[in-house]
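Listed below, chain by chain, are the residues.
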Protein chains: 2
Amino acid sequence: MDRAIGVIDSGVGGLTVAHELMRQLPKERLIYLGDTARCPYGPRSEAEVKQFTGEMVAFLMEKQIKMLVIACNTATAFALEDLQKQLDIPVIGVIQPGARAAIKTTVNGHIGVIGTEGTVRSEAYPNALKRIKEELDVTALACPLFAPIVERGILTGPEAEKVVNDSLGPIKAHQRIDTLILGCTHYPLLKGTIQKAVGDHVAIISSGEETARETSTILDVHGLLYKGDRTPRHAFYTTGDLEIFTNISRKIFNSSVEHLESVTIEHAVI
Amino acid sequence: MDRAIGVIDSGVGGLTVAHELMRQLPKERLIYLGDTARCPYGPRSEAEVKQFTGEMVAFLMEKQIKMLVIACNTATAFALEDLQKQLDIPVIGVIQPGARAAIKTTVNGHIGVIGTEGTVRSEAYPNALKRIKEELDVTALACPLFAPIVERGILTGPEAEKVVNDSLGPIKAHQRIDTLILGCTHYPLLKGTIQKAVGDHVAIISSGEETARETSTILDVHGLLYKGDRTPRHAFYTTGDLEIFTNISRKIFNSSVEHLESVTIEHAVI
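The rules behind the values
- Residues numbered from 1 in each chain as written.
- Chains lettered and ligands numbered in written order.
- Predicted model: local features only at pLDDT ≥ 70, side-chain atom pairs only at ≥ 80, totals over all residues.
- Heavy atoms only, no water.
- Core = buried A, V, L, I, M, F, W, Y, C linked by side-chain atoms within 4.5 Å.
- Buried < 20%, exposed > 50% of the residue type's maximum accessible area, 1.4 Å probe, protein only.
- Contact = heavy atoms within 4.5 Å.
- Axes fitted to C-alpha atoms, helices over the stretch in contact; angles between N-to-C directions.
- Helix = DSSP H or I, 4+ residues; strand = E, 2+ residues; numbered from the N terminus.
- Parallel < 35°, antiparallel > 145°, perpendicular 65-115°, else oblique.
- Nonpolar A, V, L, I, M, F, W, Y, C, P; charged D, E, K, R; others polar.
- Buried area = accessible area lost by both parts, 1.4 Å probe.
- Salt bridge = Lys/Arg side-chain N within 4 Å of Asp/Glu carboxyl O.
- Polar contact = N/O pair within 3.5 Å; in protein donor to acceptor, adjacent residues only side chain to side chain.
- Phe/Tyr/Trp six-rings, centres within 6.5 Å; stacked < 30°, edge-to-face > 60°.
- Lys NZ or Arg CZ within 6 Å of the ring centre and 35° of its normal.

**Q** Break down the nonpolar core for me, with residues and values.
**A** Formed by 42 residues in total, the largest nonpolar core has its most connected members in Leu-129 and Ile-181 of chain A together with Leu-15 and Phe-236 of chain B. If we skip the residues at most four places from it in the chain, Ile-181 of chain A touches Gly-98, Ala-99, Ala-102, Ile-111, Gly-112, Val-113, Ile-114, Tyr-125, Leu-129, Ile-205 and Ser-207 of chain A. Among the nonpolar cores identified, the runner-up in size contains 41 residues, and Leu-30, Tyr-32 and Leu-225 of chain A together with Ile-205 of chain B belong to it.

**Q** Break down the packing of helix H4 (residues 95-105) of chain A against helix H11 (residues 207-221) of chain A for me, citing the residues and quoting the values.
**A** Residue and element names in this part refer to chain A. At a minimum axis separation of 8 Å, H4 and H11 run at an interaxial angle of 100°. In terms of orientation, H4 lies roughly perpendicular with respect to H11. Taken together, the residues of H11 that come into contact with H4 (itself represented by Pro-97, Gly-98, Arg-100 and Ala-101) are Ser-207, Glu-210, Thr-211 and Glu-214. Residues belonging to the contact of H4 with H11 are distributed by class as follows: two nonpolar, three polar and three charged.

**Q** Go over the interface of chain B and chain A with me, naming the residues and quoting the values.
**A** Each partner contributes to the interface: chain B provides 30 residues, whereas chain A provides 30 residues. Counting each side, the surface lost to burial between chain B and chain A is near 3000 Å², with a carbon and sulfur contribution of 46%. Interface area lost by chain B to chain A is led by Arg-100, Lys-104 and Arg-213 of chain B, which between them contribute 24%. Along the contact surface separating chain B from chain A lie twelve salt bridges. With a shortest N-O distance of 3.0 Å, Arg-213 of chain B and Glu-214 of chain A are connected by a salt bridge. At the surface where chain B touches chain A, the tally comes to 28 residue pairs in polar contact (both at pLDDT 80 or more). Those elements that place two or more of their residues in the side of chain B that touches chain A are helix H1 (15-24), helix H4 (95-105), helix H6 (124-132) and helix H11 (207-221) of chain B. At nine residues, H11 of chain B tops the list of elements feeding residues into the side of chain B that touches chain A.

**Q** So what about the packing of aromatic side chains? Which residues, and what values?
**A** In total, this model carries ten aromatic pairs over all chains according to the counting rule given. Considering the side-chain rings of Tyr-41 of chain A and Phe-52 of chain A, the 5.9 Å spacing of their centres and the 55° angle between planes classify their relative orientation as tilted. In this pair, Tyr-41 of chain A is assigned in the loop between strand E2 (30-34) and helix H2 (46-61) and Phe-52 of chain A in helix H2, connecting sequence segments eleven residues apart. Seen from their ring centres, Tyr-32 of chain B and Phe-236 of chain B are 5.3 Å apart, and the 20° between their planes marks the pair as stacked. Residue Tyr-32 of chain B is located in strand E2 (residues 30-34), and its partner Phe-236 of chain B is located in strand E9 (residues 234-238); the two are separated by 204 residues in the primary sequence. Here the basic side chain of Arg-230 of chain A rests over the ring of Tyr-226 of chain A, its NZ or CZ set 3.6 Å away from the ring centre. Against the face of Phe-52 of chain B rests Arg-38 of chain B, its NZ or CZ located 3.8 Å from the ring centre.

**Q** Now, about the environment of Ile-89 of chain B: what can you tell me, with residues and values included?
**A** Residues and elements named next belong to chain B. Topologically, Ile-89 is positioned in the loop between helix H3 (73-86) and strand E4 (91-93). Taking relative accessible area as the criterion, Ile-89 reaches 9% and is therefore assigned buried. With 32 residues separating them in the primary sequence, Ile-89 and Arg-121 have C-alpha atoms 30 Å apart. In this structure, Ile-89 is in contact with Met-61, Ile-65, Lys-66, Met-67 and Leu-68, ignoring residues within four places of it in sequence.

Limitation: the analysis is restricted to geometry and does not speak to function.
Right, dumping it as structure tokens:
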């Protein structure tokens, strides 16, 4: 099936999900749309997030995508259910895959979740976890400084360590947490620093990795996997500034710059 | 949705998958059918395995299952594709979930797979892996002594260690393998001993855990998750001896015997 996987995000954070999709599904073609002009979605109302998400989906549906990945926690929390009902293609968000992976991984049932203030306030992760398994102890913690330091490129070193250590105090103090969900698409870039802060006995779940894994599952079960052999040409669109988007993309795709050669980045008018 | 998840296996090995389904999806009800009377399927012809599998599926479809899990590597290799086409409910096998988890986990692309001689000869795992990602190095190794020692209850200690160490020689000698798939439903019971043999730098993937995880994904995407709150009553059927099946069940559900109180074990005539 030659149609592409569509990926939407409020901006650049979802590029970590796109990166994982490329790694785990190297034959699949992606069309990514980042709404950088109206980012962040976190502080916006539910109605606004639904409207913006709908506009992005319309842009991608015109490009005949075979599946939609909502690579933004806020958009997943507000729009996933509606989109699953409205669209005739499979739709997946970033929250449920992380929740399912945490349920698989935890041994003692004590799970931590870190995310933006909006994601934590929405209780989307505790709800997704307890919908499947009531008897879990879930501790959610907002880490509002993480996304900003990632966007400034501070991923390791003393400054990153100080911010991460200070922010994660309540998670470390909990002691029994054995599984920590990174509930924001920016956080995988801080994974090394976060692991150091919480210790090796805590398993870290990256929602992006898990979302890519489940995209693979769903494509397979629906008979939608690309069956040939190719190096696909991806297309990346941004509603905002092309140069900033390109620069951040290069930072996120850091260790696999070769992918960027097969990427087109264009400005989207939606 | 109050209908049960159907699980079929050639015998008792699939009980490890059932155990994981209970752990990861504690609200879901299971109907398990083990074809102990005609076990093992490994040495049988493709036609025979397809026929037996079809008979088991007919038994479960009468019980109005909402999804089918093929918890047997041989049956998955031979019958999954046909059943996905024939049945109007979602069908999942044990091979693809393990393959997808390994692709997610490996860092250097060197993956090991261990299984019965039949599973290794079928090349089902290398095929499932390379269908998604060509550029993997896959080493498959048959460990014919593992299932027998598990069935004799020898899971740790000097005898188990000797068998496991001797059998895994070629995996250890490979040196670059960073991810090892347990491609037989009996092997999770030897996980500790296997981890000790290959070293902590190798991530071990249990197909059963991953199959349960993907069952959760598929139920969610199809809107089939049970939405209420309950402790479900499971039903286990065997085509063979009831007492032997019950004894092995107790061994597999070892650490969570409480589950057995909510289990009915009956003889199945198919």
